[in-house]
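Below, each chain spelled out in residue letters.
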Amino acid sequence: MDQSTLALGVEAIGCAAFDAGIKGAFGYPGTPSTEGFEYVEAMIHAAPEGRVAHWAANEKVAYDMAMGVSYAGHRTFVTMKHVGLNVAMDAYANSALTGVRGGLVLLVADDPGMHSSQNEQDSRKLAEFAWLPCLEPSTVQECYDFTWKAFELSEALQVPVMIRLVTRLAHCRAALLRRPILAPTGLGVAPKNTIQDWVLIPSNARRRYLDLLAKQPRLVENLSSMNQLVPGTSRQGVAVAGMGRAYFNQLLLEYPALTALPRLEVAAYPVDPQLEQAFLAQVDDVFVFEEDYPVLEERLGLRGSAKVHGRLDGAVPRTGELTPRQLKNALSLIVSESREAIALDLPVRAPRFCDGCGHVDAYEAMQEALKNVGAPETRVFGDIGCYTLAAQEPMGAIHAVVEMGASISMAVGAAMAGQTPSVAVIGDSTFGHSGLPALLTAADSGVNVTVMILDNRVVGMTGQQVSQALDQVERMVLGMGIPQSQVQTLTPLPKQHDANVKAVESALRHPGPSVLIFRRECIQSMRRGVLKEHDRELKACAEQACCSEPASATSEARP
Amino acid sequence: MSDPRTNSRIHGIVLSGVGGQGVLSLAQILLEALRRSGLHALQSEIHGMSQRGGSVHAMVCFSQVPLTSPIIDEGSADLLIALEPLEALRYVSMLRMDGHLVVSEEPQMSMEAYPPIDDVYAALKAVRGAHLIDTEDLARRLKHKQAGGMALLGMASMFLPVTNEVWFDVIRQRFEAKGVSVTEKNIEAFQAGRGLIPVPA
């Protein structure tokens, strides 16, 4: 055990990407994927040797950057959370047609149970949709080993490979055994005769789509060693994947009689149909344990030869995170005796704004201004970040939170439909992520919309990564076409309350688009001194009146 | 608890508290100490939204045999370590019938509708195997504001198969960057907590 290091599952993937010789790592923060990038970033900063790690403005940008590295012939790694893949989906789906040169591994962290997310979509479905392979580890060591395997597969099959992780494994800490580190070596750009493969005009795309489909049997064949059928004597079987596999393997220790159940262990998709058939031939009933959507369950059910139990027939709850207790219940195992119930109602302790957080001051100014203009009941469009907490009572300041950047476009739509005033609240990083095109449209439309940008200079919620919009929000806003006269920068502090209320009122009364930038650094990042060095340089620069500004660091994140 | 070095049972510890109290940091110390004691150990934690002053919990599982599940079922925890009294009550159902609870009496009331504190204490005292500690008083006596967490760990250590030598090593390693005096303050708090649990007969 002494040879090992302790790491989170998500960190093990980042670590393996480094060890497997990547040239570039990219991503956009979002729980539970963030630490994967941060781990590899720290390793690269400690020993760059030509490697780069960079947070991107959003997931699509990150994925495209990784494609560029791959095109140039190097191994590359890109990370995001499940809903981030929606943003990168255009790039991901089309990269299946171009294929890759240097190995490209995509880490996607799903969030069953929605610990920190707006949905529990299953990334395995998106891999299937794109006709691309997906590996699903069940332990921290597998996180590491599968990532190596993913790079090998990616180069062997010339396709991007997804590693699908879930919150529980992403944030499981355990011992990890590493392999010797590979130096980042390059294959060079693809030979000239393959240039057309990367140019997805219809004539090429049709050919590449056929190539991708023709590749599918090879893909199944290359993955087949990762899935296995363990025979048993019972006519009742189990099919397990991801945490379902981890939980079932542990139950085998506690309930040795379970070894009688034939089991299909799945760690890679697509699964070989012949393996599924061989498994189903051994059983009359199958229990399927997998996280999120009933992916395996539906596949096995469609074959029709055995009764399949899982999320669809209620053997496992239809939604939410899988638990060991759910496996025990489904398999009718005797569970431990329970403690006496606590004779007291336990109210929920919801997350809340930090004491002294500037977002609170900004919202208080907004709410008072809405009252003053006679519109206290106005529905306000919010966005994704710490400031989403304002949706909770008693504040109840925002009334729609859907996805990154939606606040501005929804407010524009509502304004076009006649809502007055129409207000959007968005953070600085979320603004950089996907608020920019929305603001371009807002400026172009000329409708009466008030956009509040809560600029705390960092990606607060995911651990105070530096925002890519750092010190540039005004310029970004002006660049999108909002007139200077309608852009105000305010300081969200209690002593500025009255002035801030007046500023919001004037923006609400203005008949066209206006932007209010509430800027005060996140108190958590202040405490940690995240921007101390940056601000010192900025100050020195201003004093010397030198023309160049200090290079701003990287991005913001999702919750 | 039964000695995990002589059986293959899966042992579990649940830690609970409020975001910012150091639940995850304690869990990491436990994980490292158990691992150094020759056991297979896994830790589970949840990050994100809950860090902003919400309920936080972590689990540590350990055994003689390699484990694959980082979480344990209700009724299976040997030990519950709670940095806050109300947050202890949320996880009592995780305890085995013969499990122990070590809990700080110091409430974090920054939330809507915190129940009357005497009701919370009464409910805690009714839990079999509960050991309460007045961390506020201890912190005052030791002149160490953050003594609570380490004192709870010291109490918990009486129920865990880890030697003092390993505990001190892990604590020293954890705090060494903050200097000798911080490290020794933490060891002092650990020992003060440890002294509160009678040595099992």
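The structure displayed is predicted, hence computed values, not measured ones.

Thresholds applied
- Residues numbered from 1 in each chain as written.
- Chains lettered and ligands numbered in written order.
- Predicted model: local features only at pLDDT ≥ 70, side-chain atom pairs only at ≥ 80, totals over all residues.
- Helix = DSSP H or I, 4+ residues; strand = E, 2+ residues; numbered from the N terminus.
- Contact = placed C-beta atoms within 7 Å.
- Core = buried A, V, L, I, M, F, W, Y, C linked by C-beta atoms within 7 Å.
- Buried ≥ 20, exposed ≤ 12 C-beta atoms within 10 Å, placed from the backbone.
- Axes fitted to C-alpha atoms, helices over the stretch in contact; angles between N-to-C directions.
- Parallel < 35°, antiparallel > 145°, perpendicular 65-115°, else oblique.
- Left-handed = near helix turned anticlockwise from the far one by under 90°.
- Nonpolar A, V, L, I, M, F, W, Y, C, P; charged D, E, K, R; others polar.
- Pairing = 2+ DSSP bridges.
- Arc of directions from axis to C-beta.
- Domains from an automatic or database assignment.

The secondary structure content of chain A amounts to 20 helices and 21 strands. Over its C-alpha atoms, taken along the principal directions, chain A stretches across nearly 75 × 70 × 50 Å. The long-range fraction of contacts in chain A, counting pairs at least 24 apart against all pairs at least 6 apart in sequence, stands at 79%.

This brings us to the nonpolar core. The tendency in soluble globular proteins is for nonpolar side chains to be buried side by side. Core analysis: the biggest nonpolar cluster contains 228 residues, and A62 and M452 of chain A together with L80 of chain B have the highest contact counts within it. With nine residues, the top contributor of residues to this core is helix α1 (residues 23–36) of chain B. If we skip the residues at most four places from it in the chain, L80 of chain B touches V14, A88, Y91, V92, M94, L95, G99 and L101 of chain B.

The subject of this paragraph is the packing of helix α15 (residues 406–416) of chain A against helix α16 (residues 428–445) of chain A. The description of two helices packed together rests on the angle between their axes and the distance between the axes. Residue and element names in this part refer to chain A. At a minimum axis distance of 8 Å, the contact between α15 and α16 shows a crossing angle of 25°. Considered as vectors, α15 and α16 are oriented roughly parallel to each other. Of the two possible hands of crossing, α15 and α16 adopt the one that is left-handed. Of the residues in α16, those in contact with I408, S409, V412 and M416 of α15 are G435, A438, L439, T441, A442 and S445. Across the contact of α15 with α16, the residue classes tally to six nonpolar, four polar and no charged.

Residue and element names in this part refer to chain A. With mixed pairing, five strands are arranged side by side in an open sheet as β9-β11-β10-β13-β14. Either end of the sheet is taken by a strand with one partner, and the two such strands are β9 (228–230) and β14 (307–309). Shown here is a sheet whose adjacent strand axes are inclined to one another by a mean of 20°, direction ignored. Pairing between strand β10 (residues 236–241) and strand β13 (residues 285–289): five bridges, direction parallel. The residue bridging G237 from the neighbouring strand is V286, located in β13. Docked against the sheet, helix α12 (residues 295–303) engages β10, β11 (263–266), β13 and β14, running at close to 160° with respect to β13.

Our focus in this paragraph is the interface of chain B and chain A. Counting residues at the interface gives 44 residues for chain B and 43 residues for chain A. Within the residue set of the side of chain B that touches chain A, elements represented by two or more residues are α1, β2 (40–45), α2 (85–89), β5 (95–104) and α3 (117–125) of chain B. Here the side of chain B that touches chain A is composed, by residue class, of 20 nonpolar, 14 polar and ten charged. Relative to β2 of chain B, strand β8 (residues 172–176) of chain A is paired through two bridges, and the arrangement is antiparallel. Looking at the pairing, R173 of chain A lines up with Q43 of chain B of β2 of chain B.

Before going further, it helps to spend a moment on helix α11 (residues 273–280) of chain A. Residue and element names in this part refer to chain A. For α11, the complete set of buried residues consists of E276, F279 and L280. Along α11, the residues classed as buried sweep out an arc of 95° about the axis, all on the same side. Structural note: α11 exposes Q274 and Q277 on the side pointing more than 90 degrees away from its buried face. Its buried side turned inward, α11 meets β9, β10, β11 and α12.

Moving on: the domain arrangement of chain A. All names here are of chain A. Taken domain by domain, chain A comprises domain 1 (5–223), domain 2 (227–330) and domain 3 (358–543). The C-alpha centroid of domain 2 is placed 27 Å from the C-alpha centroid of domain 1. If you list the elements that add at least two residues to the side of domain 1 that touches domain 2, you get α6 (123–129), β6 (134–135), α8 (167–170) and α9 (202–223). Residue contributions to the side of domain 1 that touches domain 2 peak at four residues, all from α6. The residue inventory of the side of domain 1 that touches domain 2, partitioned by class, reads ten nonpolar, three polar and eight charged.

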